[in-house]
Amino acid sequence: MSSTDNPFGRGYGATSGAMTVSFGTEAPNGPAQAAAGLIKDTTTASFSADVIAESKHQPVLVDFWAPWCGPCKQLTPVLEKVVRGAGGRVKLVKMNIDDHPAIAGQLGIQSIPAVIAFADGKPVDGFMGALPESKVNEFIDRIASPDGGREAAVQSALEAAAQAVEAGAVEQAGQLYRAVLEEAPDNIAALAGLANCLIDLGDAEQARGVLDLVPGDKRQDAGVRTAEAKIALAEQVAKLGDPVALEARLQANPNDHQARFDLAMILNAKGQRHEAADHLLAIMKADRAWNDDGARKQLLQFFDAWGPGDEASVAARRRLSSLLFS
């Protein structure tokens, strides 16, 4: 899968290319270079020079902020303090997204404060939210480590991607998963994460291509199973009818189990998980044997797609157990 084909292989500013995970860069030479110009503001026009070009010499942190953002006002002074204390190993560039939204949009940033680290002209790691000084120090130590800290860099990128997913920044998460895969193509967590992001963005075809890279003995990974279940559900939903017509059929005949089943599939596709589970459980309560126990089997497939810790999974499993063993 090429960076041209993948939506996460875009460039930023005047430079193109897919993200890669950095394995460390050397600190600048000499105390004068280390002391001068460590912190500056940037614009869309100067981003390429301030960040892309500069990061080829040493890591550059980009602080995406806005004047109205309270957590930004907490984080920025901490960033400035830590960067000044880092002895020139990194630089800090601040970008006001109200005045200059384009770069943040390209990176898929949907929540601020957000800090993205660039190295060798590419984004390699990041975090969101106002971290305490100790955590910012750890982040900079990892990014600017002379020995690279490969495993730490990969793990950090995975954690940042998971945080982005939780915040709803799916494109940003996908970019981070792509970054990991550039350096660790067999990382199962990144493969599963990228596949799930692609599915959530409506690109099931590319998601299948990513999942094809997962070895057979790793296909039981929870993230892989979630992606596979999402694709299967999407394919099923594409064949279903009009939900309004299905509702009308149920009003005319509450025992129209096929209409109820199809409606459950559509509701799940819309993110209405509790309602989808309600319909499948209603079928089971009325006729457990319908369609060769099809309602229960579909509910279990929902659980795979939603994940074991999802609120709808937990609630529906409890009700399923009560129904089966009452």
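Use the structure listed above.
Residues numbered from 1 in each chain as written. Predicted model: local features only at pLDDT ≥ 70, side-chain atom pairs only at ≥ 80, totals over all residues. Heavy atoms only, no water.

Within the protein, the regular secondary structure consists of 15 helices and five strands. Taken over 326 residues, the protein has a buried fraction of 47%. Partitioning the contacts of the protein with sequence separation of at least 6, the portion at a separation of at least 24 is 67%. Within the structure as shown, the protein displays about 15100 Å² of accessible surface, and the carbon and sulfur contribution to it stands at 50%. (Helix = DSSP H or I, 4+ residues; strand = E, 2+ residues; numbered from the N terminus. Buried < 20%, exposed > 50% of the residue type's maximum accessible area, 1.4 Å probe, protein only. Contact = heavy atoms within 4.5 Å. Areas by Shrake-Rupley, 256 points an atom, 1.4 Å probe, with all protein chains shown as cover.)

Here the focus is the side chain of Asn-268. Within the secondary structure, Asn-268 sits in helix H12 (residues 257-269). Separated by 2.6 Å, the side chains of Asn-268 and Trp-306 make a polar contact. Not counting the four nearest positions on each side in its chain, Asn-268 is found in contact with Leu-233, Arg-273, Ala-276, Phe-302 and Trp-306. (Polar contact = N/O pair within 3.5 Å; in protein donor to acceptor, adjacent residues only side chain to side chain.)

Between its first and last C-alpha, helix H8 (residues 188-200) extends 18 Å over 13 residues, near the 18 Å set by a 1.5 Å rise per residue. Counted residue by residue, H8 has eleven buried out of 13 residues, so it is predominantly covered. For H8, the set of buried residues is Ile-188, Ala-190, Leu-191, Ala-192, Gly-193, Leu-194, Ala-195, Asn-196, Cys-197, Leu-198 and Ile-199. By the N-cap criterion, in which a side-chain oxygen at the helix start approaches the backbone nitrogen of a residue two or three places on, H8 is capped by Asn-187, the distance to Ala-189 being 3.2 Å. Downstream of H8 by one or two residues, Gly-202 has phi in the positive range, about 85 degrees. (Expected span 1.5 Å × (residues − 1).)

Under the criterion given, the structure shown has 17 salt bridges. Among the salt bridges present, the one from Lys-91 reaches Glu-54, with a minimum N-O distance of 3.0 Å. Remark: Glu-54 occurs in the loop between helix H2 (47-53) and strand E2 (60-65) and Lys-91 occurs in strand E3 (residues 91-96); sequence separation between them is 37 residues. Pair check on accessibility: Lys-91 and Glu-54 agree, each one buried. Taken together, the salt bridges that share partners define one network made up of Arg-288, Asp-293 and Arg-296. (Salt bridge = Lys/Arg side-chain N within 4 Å of Asp/Glu carboxyl O.)

For the rest of this paragraph, the subject is the sheet that holds strand E5 (residues 122-128). Here we have five strands laid out as an open sheet, ordered E1-E3-E2-E4-E5, and mixed in their pairing. Every interior strand has two partners, whereas the edge strands, strand E1 (39-41) and E5, have only one. When the angles between neighbouring strand axes are averaged without regard to direction, this sheet yields 25 degrees. Inspection of the sheet shows E2 paired to E3 by six bridges, in the parallel sense. Note that in E3 the partner of Val-60 across the bridge is Lys-91. (Pairing = 2+ DSSP bridges. Axes fitted to C-alpha atoms, helices over the stretch in contact; angles between N-to-C directions.)

As a further point, take the packing of helix H9 (residues 204-211) against helix H10 (residues 222-237). A pair of packed helices is captured by two measures, namely the crossing angle of their axes and the spacing between those axes. Running from N to C, H9 and H10 point in directions that differ by 145 degrees, and their axes come no closer than 11 Å. Judged by the sense of rotation from one axis to the other, the crossing of H9 with H10 is left-handed. From H9, Ala-204, Ala-207, Arg-208 and Leu-211 reach across to H10, where they touch Val-224, Ala-227, Glu-228, Ile-231 and Glu-235. Of the residues contributing to the contact of H9 with H10, the split by class is six nonpolar, no polar and three charged. (Left-handed = near helix turned anticlockwise from the far one by under 90°. Nonpolar A, V, L, I, M, F, W, Y, C, P; charged D, E, K, R; others polar.)

Before going further, it helps to examine the environment of Arg-142. Topologically, Arg-142 is positioned in helix H5 (residues 133-143). Overall, the relative accessible area of 23% leaves Arg-142 in the partly exposed class. Expressed as a C-alpha distance, the spacing of Arg-142 and Ser-156, which sit 14 residues apart in the sequence, is 8.8 Å.

A few words now on the state of the cysteines. If you walk through the whole model with that rule in mind, you get one disulfide. Here Cys-69 engages in a disulfide with Cys-72; their sulfurs sit 2.4 Å apart. Because the torsion about its S-S bond is 80 degrees, the bridge between Cys-69 and Cys-72 counts as right-handed. (Disulfide = S-S within 2.5 Å.)

Counted according to the given criterion, the structure contains five aromatic pairs. Pairing Phe-302 with Trp-306 gives two aromatic rings, centres 5.2 Å apart and planes at 20 degrees, and the pair type is stacked. Separated by four residues within a single helix, Phe-302 and Trp-306 lie in helix H14 (residues 294-306), roughly one turn from each other. The structure contains a cluster of three or more aromatic residues connected by ring pairs, namely Phe-302, Phe-303 and Trp-306. (Phe/Tyr/Trp six-rings, centres within 6.5 Å; stacked < 30°, edge-to-face > 60°.)

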